[in-house]
Amino acid sequence: MIALALIAAVLCYVGAAALAAAPFVRPVAAPVRTVVALLATGVIAHLAGLVRLSLDLGQLPLFGLGPALTSAAFLLAASLLAVEVMAHEVTLTLVAAPFAGVLTLLASLVGFAPVDEPQGMRGAWLVAHVALSFAGIAAFGTAAAAGTMYLVQRHELRSRRFGPVFRLFPPLATLDRVNHLASVVAWVGLTVGVVLAASYAVVYRIVEGPKIVWAITAWLCVSVVTFGRLLAGWQARRAALLTSVTFAAVLVLYLAMRAVGAEPGKFL
Amino acid sequence: VTADESRASLVVLGVSFHTAPLDVREKLVYAQHEVADAVGELLDATGAREGVLLSTCNRSEVYLVEREPSTTQAVWSAWSARLGQDASAIGYVHRGSDAARHLFRVASGLDSMVVGEAQIQGQVREAWESCRASSGAVLHRLFQSALLVAGRVRSETRVTRGAASVSSAAVQLAKQIFGSLADRRAMVLGAGETADLALECLVAEGVRASVVASRTFERAKTLAAKHGARAMQYDEAWTTLADVDLLLCSTSSPVPIVTPSRIRDVAHARGDRPLCVLDIAVPRDVDPVVREIDNVFLYDLDDLQAVVQSSLERRRNEVPAAERLLDAEVARYGDWLASLSVVPTLTAFRARMDDIRQRELAQALRRLGPLSPAQHAAVEQLSRALMNKFMHDPTVRLRAAAAEGDGLDVVAAARYLFALGDMDVATVAPTPHEEIASAGRTIDSGDE
């Protein structure tokens, strides 16, 4: 049932991205309602899979590589859905939905082996940390998607190419606003997540180096983007470039750390 | 419905930019207040039952429901007198479904000089409203359908999307940068007619014209007053450039007056905020090197033309999809016309059946001999009831066939089977809704 639900979710994400891309290949308007409906169906299927997985594991699907990746993908898709419903704009699907689909597929390939995690108050503490951190990473991913699209649209506008990207991508100001809001949400989520993790580590005297390095790096990247915007007045190209580059760096760092020394079956 | 009416048909005669140059077309343009009288005169001259005159700068067309196919000569004569030359040589005529399709294409902007332009839909509506007194059921339905299909073309295809003029291209470019233009601030260099037109387009989108600068201060003051902006000399304007989002340049300067050094300073002061520079002057007012400056989006007249060309190309690609919508609506209108042909057939059918009933009743009464009034009434009632029962199914089926679009064939068959005489059903008279309804009521009441 879990596999079916996740496959259905991946198909919906890919389908939504394909529909959102339709105006690039033939002269039709993007079917906004259908894209949003398909994305919502994917999110519901994904949620159903996660609920079933939670019941099977006896804990929230946040611990272990497979459950963590698929939860992150779910949060990314859900935040994408929220942005699109609010903005009546589906071009962000082109970048974020396939990314959510790939993460879900990877999670399925890795598998959902249970990992022993603490119960009770200690367990709730850990759950809050992981959930908020993933929400922060998902928002960071959304900001990066908007930033990447900003850079592409800006390039088209400056090179005076008035093709499909010019017509179908949202205006620069819209992409900049999405980037800004998502960055702030990402900073709040990651900050609370990191504080919870730090206090947990101190109270229970648990230190896991790779997780600390990765979490601090991600938090620093988001902080630079967010405070650059809020305090230094960075916006537009500078903010878009910084968000895209730092998110890519966080992803590369994660992959590198996993390749170097993460235990099999664990997130890091 | 009379036999005379049953031979009327739809026809459109016109002269447009496809067939005549402007100096000819302008002689056929009717002002709004002249239209009703003009169409009245054309109806008198042609003997047509209904008429609507559509007159714009690109076309003058008269839509008529004619009794006999001889109205064209009268229209050409009237227009030739107005033109001082033979109008039929530069005009066109469409009849029946071709006439309906022509109006649908016109209203949808498919026949316009700029494909998909929106203004024509309003002009078609105005023409119809101006000629309400001279139009009846056929033209009312035709124009309603035309406006309906024009709305569908507008919403279901992209034939009207994208910029079709330099001004709208400027708006589209600015919108791709800023999203909504509401409350964005604009500075205009130059105070000529081109600047005025372009600024009007931007102001219509919500842009606040904050500064108008011109070498001729008086002209700057006039344009600034029109758009609620401040007038300035050039030297003063540069100091406020950092506060605006849009710079519109349209001076007659022979050399660029917006140089990279000026814009570099402005861009530095603006930080990361983008600046959109629209240079619609020839020769250009802005040094092309300005384009290299970060966060500056510079577009000249060639760029705006490229946006327009790209839009028009996409509009043209959408025409087949729009034509498919038109096909369906033309067929629907044809079916409606065909459904009207049922009315005279049903009337003739009922008259024939009643004639037979009366003759047979008279013979039967003669054979029966003297009857009491009650007996006489009972026999007469029996004959009526039998006739109505026999007529019921054919009547219902004829009307259903007409409603489903099979009216013409079934009417022809019915007329043959019941020996109702020939009628040219292809050019059958269109009849107002009231006539259809009253015919329907007559037949329905006969069933009792």
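That block above? That's the structure.
Right, let's walk through the structure included here. Since the structure is predicted, the reported quantities are computational estimates derived from the model, not experimental observations.

Here the focus is the layout of surface pockets. Its boundaries defined by the atoms lining it, the second largest pocket holds a volume of some 550 Å³. Lining the second largest pocket are 22 residues; nearest its centre among them are Ala29(A), Arg167(A), Leu168(A), Arg158(B) and Arg161(B). Looking at the lining of the second largest pocket, the elements with two or more residues in it are helix 1 (2-25) and helix 6 (164-168) of chain A together with helix 7 (166-178) and helix 12 (301-340) of chain B. A per-class count over the lining of the second largest pocket returns nine nonpolar, five polar and eight charged.

Residues and elements named next belong to chain A. Inspection of the secondary structure puts Leu65 in helix 3 (residues 65-87). Residue classification places Leu65 among the buried residues on the basis of a relative accessible area of 6%. Residues Leu65 and Ser108, spaced 43 residues apart in sequence, show a C-alpha to C-alpha distance of 9.9 Å.

The next thing to look at is a negative patch on the surface. All names here are of chain B. On the surface, Glu34, Asp37, Glu41 and Asp44 cluster together into a negatively charged patch. Note on placement: Glu34 falls in helix 2 (residues 32-46). Classification of Glu34 as partly exposed rests on a relative accessible area of 31%.

Residues and elements named next belong to chain B. Counting buried residues along strand 1 (residues 9-16), eight of its eight residues qualify, which places the element largely inside the surrounding structure. The alternating pattern of strand 1 places Ser9, Val11, Leu13 and Val15 and Leu10, Val12, Gly14 and Ser16 on opposite faces, both of which are buried. The pairing of strand 1 with strand 3 (residues 59-66) spans eight bridges and is classified as antiparallel. Bridged to Val11 within strand 3 is Leu64. Both strand 1 and strand 4 (residues 92-95) contribute to a ladder of four bridges, which runs antiparallel. From the neighbouring strand, Val11 faces strand 4, where its bridge partner is Arg95.

Our next topic: the interface of chain A and chain B. Between chain A and chain B, the contact holds 24 residues from the first and 27 residues from the second. Taken over both partners, the interface formed by chain A and chain B buries close to 2,100 Å², and the fraction arising from carbon and sulfur atoms is 49%. The largest contributions to the chain A side of the interface with chain B come from Arg158(A), Arg160(A) and Phe162(A), which together make up 31% of the buried area. The shortest N-O distance in the salt bridge between Arg160(A) and Asp303(B) comes to 3.1 Å. Remark: the boundary between chain A and chain B carries 15 residue pairs in polar contact (both at pLDDT 80 or more). If you list the elements that add at least two residues to the side of chain A that touches chain B, you get helix 5 (120-158), helix 6, helix 7 (172-204) and helix 9 (236-261) of chain A. Among the residues forming the side of chain A that touches chain B, the class breakdown is 15 nonpolar, three polar and six charged.

About the thresholds
- Residues numbered from 1 in each chain as written.
- Chains lettered and ligands numbered in written order.
- Predicted model: local features only at pLDDT ≥ 70, side-chain atom pairs only at ≥ 80, totals over all residues.
- Heavy atoms only, no water.
- 1 Å grid on protein atoms, 1.4 Å probe; cavity = no way out; pocket = protein on both sides within 12 Å on 5 of 7 lines; lining within 4 Å.
- Points joined across faces, edges and corners; volume = space filled by probe spheres on them.
- Helix = DSSP H or I, 4+ residues; strand = E, 2+ residues; numbered from the N terminus.
- Nonpolar A, V, L, I, M, F, W, Y, C, P; charged D, E, K, R; others polar.
- Buried < 20%, exposed > 50% of the residue type's maximum accessible area, 1.4 Å probe, protein only.
- Patch = residues over 30% accessible without salt bridge, like charges linked within 9 Å, V, L, I, M, F, W, Y side chains within 5 Å.
- Areas by Shrake-Rupley, 256 points an atom, 1.4 Å probe, with all protein chains shown as cover.
- Salt bridge = Lys/Arg side-chain N within 4 Å of Asp/Glu carboxyl O.
- Lys, Arg positive; Asp, Glu negative; His and termini not counted.
- Charge placed at Lys NZ, Arg CZ, Asp CG, Glu CD.
- Pairing = 2+ DSSP bridges.
- Contact = heavy atoms within 4.5 Å.
- Buried area = accessible area lost by both parts, 1.4 Å probe.
- Polar contact = N/O pair within 3.5 Å; in protein donor to acceptor, adjacent residues only side chain to side chain.

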